[in-house]
Amino acid sequence: MIALIRMNLDIEPSEIASSLRLRRAASSLAILRKRYGKILILSHRGRPKGRDGKLSLRPISEALSKAIRKKIIFLDNSDLCFAREAFFEGEPGVYMLENLRFLSGENDNDPVLAKKLASLGEVFVNDDFATAHRAAASNVGITSFIRSLPGPTLKDEVAALKKAVKRPARPFVLVVGGVKMSDKLPVIDKLLPAVDRVLLGGGVGNTFIKASGSNVGKSVYEKNLIKEASRLSLDDKVVFPIDCRMKAGSILDIGPNTAALYASVIKEAGTVIWAGPLGCFETKGFSGGSEVVAKACATTKAYTLIGGGETTSIVIGMKLDKKIGFMSTGGGAMLDFLAGKKLPALDVLKISY
Ligand code: 3PG
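Scope of this entry: the structure provided in the associated data block. (Residues numbered from 1 in each chain as written. Predicted model: local features only at pLDDT ≥ 70, side-chain atom pairs only at ≥ 80, totals over all residues. Heavy atoms only, no water.)

### Considering helix H1 (residues 20-35)
Here comes step 1: Taking 1.5 Å of rise per residue, 16 residues should cover 22 Å, and H1 covers 23 Å from first to last C-alpha, within 8% of that figure.
Here comes step 2: Roughly 25° is the biggest bend found in H1, and it falls at Leu 29.
Here comes step 3: Buried within H1 we find Leu 20, Arg 21, Leu 22, Ala 25, Ala 26, Ser 28, Leu 29 and Leu 32.
Here comes step 4: Where H1 begins, the side chain of Ser 19 points an oxygen toward the backbone nitrogen of Arg 21, at a separation of 3.2 Å. (Helix = DSSP H or I, 4+ residues; strand = E, 2+ residues; numbered from the N terminus. Expected span 1.5 Å × (residues − 1). Bend = angle between axes of the 7 residues up to and from the residue. Buried < 20%, exposed > 50% of the residue type's maximum accessible area, 1.4 Å probe, protein only. Polar contact = N/O pair within 3.5 Å; in protein donor to acceptor, adjacent residues only side chain to side chain.)

See below:
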């Protein structure tokens, strides 16, 4: 059987070593290769405007090939008829098509492109949770033209997120960091009534510190969300940093007292969801807050769910990933799931969430 597998390989080559997405793709392939004799991986990288060599999937296909210890035949996609011929006539094995976002119509869920993609195989397996919030030709449109089913990673992601959100063991703790509060606001709003504590850091935390009337100097924060932060701060479940680590007038990490406070809350929790680093972890000396929280997540008895590329990289870099309940490959998709939004790629597969 010839299978098309949609995977998430939206990875920077510099992040390959700590990439959760690459590991998940490799373990899914171990399962799917037993089921299908011939596999064509469909994926994307970045947000190219047209064909852009810097966003080719080729280096990722080489890394995945090493991870599965099996050659992956890479197919250009500038001529899909040609790619189809090469795939159909080629030997059984694993193939990968160049970045789908080089094709016009992919992002607009164009039915013409969706039909062409469907013609490349006999069955379509969507194993890409991280694009579930997008309606593209390769994850939504394609399902109108070919038998379609969810893959192992996609199923695991939905089950883990449902477990955390629908039946949380208490206390239920949400840890939110990252640069932009605008990305995280819908999640905080949606989950606030359900959680017992929301612990904040990063640029999100800075916006709350500013809203409390404190000076944040040159720190990153969102001016237009100060009112929202003040509103949310009225709820005493919401906790923002009580001390910070600074450099040249900017807050770059939560301080040691905040980190200790957050670790103690996580230790007593029943469920923890963490999205977004709590400081500027790439800057030497400012990853401490995220590291304390990562260790707390690894040692608590709580069910822990961690998502987002940067947050999962920190945990993998510290070799704590095996001690976490579930690590999500989703960035925006996980946030949309948690915010209770519609996920078109799950809807077309009739997956309940
Ligand atoms: C991601 O990195 O979260 C997914 O690959 C989706 O990418 P997008 O936000 O560019 O659609």
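### Side note on the environment of Val 175
Here comes step 1: In this structure, Val 175 sits in strand S7 (residues 172-176).
Here comes step 2: For Val 175 and Gly 201, which are 26 residues apart along the polypeptide, the C-alpha to C-alpha distance reads 8.1 Å.
Here comes step 3: For Val 175, the contacting residues outside a window of four places in its chain are Leu 199, Ile 266, Val 272, Ile 273, Trp 274, Ala 275, Leu 278 and Val 293. (Contact = heavy atoms within 4.5 Å.)

### Some details on the site of the ligand
Here comes step 1: Looking at the ligand, the residues that line it are Asn 8, Asp 10, Arg 21, His 44, Arg 47, Arg 101, Ala 130 and Arg 134.
Here comes step 2: In the model, an oxygen atom of the ligand is placed 3.1 Å from a nitrogen or oxygen of the Asn 8 side chain.
Here comes step 3: Here an oxygen atom of the ligand and a side-chain polar atom of Asp 10 are 2.8 Å apart.
Here comes step 4: Computed on the free molecule, the ligand has an accessible area of 320 Å², of which 86% lies beneath the protein chains in the complex.
Here comes step 5: Here the residues of the shell around the ligand are counted per class, giving 1 nonpolar, 2 polar and 5 charged. (Near = heavy atom within 4 Å. Areas by Shrake-Rupley, 256 points an atom, 1.4 Å probe, with all protein chains shown as cover. Nonpolar A, V, L, I, M, F, W, Y, C, P; charged D, E, K, R; others polar.)

### Description of the pattern of salt bridges
Here comes step 1: The full count for this structure, using the stated rule, is 10 salt bridges.
Here comes step 2: Where Arg 24 meets Glu 157, a salt bridge forms, and the shortest distance between an N and an O atom there is 3.9 Å. Here Glu 157 lies in helix H5 (residues 152-166) and Arg 24 lies in helix H1, a separation of 133 residues in the sequence.
Here comes step 3: A salt bridge links Asp 336 to Lys 341, with the nearest nitrogen and oxygen atoms 3.7 Å apart.
Here comes step 4: Accessibility expressed as a relative area gives 39% for Lys 341, which makes it partly exposed. (Salt bridge = Lys/Arg side-chain N within 4 Å of Asp/Glu carboxyl O.)

### Thoughts on the sheet that holds strand S8 (residues 197-200)
Here comes step 1: Pairing is parallel in the open sheet, where 6 strands are placed in the order S9-S8-S7-S12-S13-S14. The open sheet has two free edges, formed respectively by strand S9 (238-239) and strand S14 (326-328), since each of these has just one partner strand.
Here comes step 2: For S7 and S8, the ladder comprises 4 bridges, and the chain directions are parallel. Of the residues in S8, the one forming a bridge with Val 176 is Leu 200. (Pairing = 2+ DSSP bridges.)

### Observations regarding the layout of surface pockets
Here comes step 1: Taken as a whole, the second largest pocket encloses approximately 320 Å³ of empty space.
Here comes step 2: What lines the second largest pocket is a set of 23 residues, among which Val 179, Gly 202, Gly 203, Gly 279 and Cys 280 lie closest to the centre.
Here comes step 3: Secondary-structure elements contributing two or more residues to the lining of the second largest pocket are helix H7 (202-211) and strand S11 (250-254).
Here comes step 4: Tallying contributions element by element places S11 first for the lining of the second largest pocket, with 5 residues.
Here comes step 5: Taken together, the residues of the lining of the second largest pocket sort by class into 11 nonpolar, 8 polar and 4 charged. (1 Å grid on protein atoms, 1.4 Å probe; cavity = no way out; pocket = protein on both sides within 12 Å on 5 of 7 lines; lining within 4 Å. Points joined across faces, edges and corners; volume = space filled by probe spheres on them.)

### Digging into the side chain of Ser 138
Here comes step 1: Within the element layout of this structure, Ser 138 appears in the loop between strand S5 (123-126) and strand S6 (147-150).
Here comes step 2: Take Ser 138: its relative accessible area is 0%, and that puts it in the buried class.
Here comes step 3: Polar contacts involving the side chain of Ser 138 include one to the side chain of Arg 6, which spans 2.9 Å.
Here comes step 4: Here the side chain of Ser 138 touches Glu 106 through a polar contact of 2.7 Å, side chain to side chain.
Here comes step 5: Discounting chain neighbours no more than four positions away, the residues touching Ser 138 are Arg 6, Leu 100, Glu 106, Leu 117 and Phe 124.

So yeah, pure geometry; function would need other evidence.
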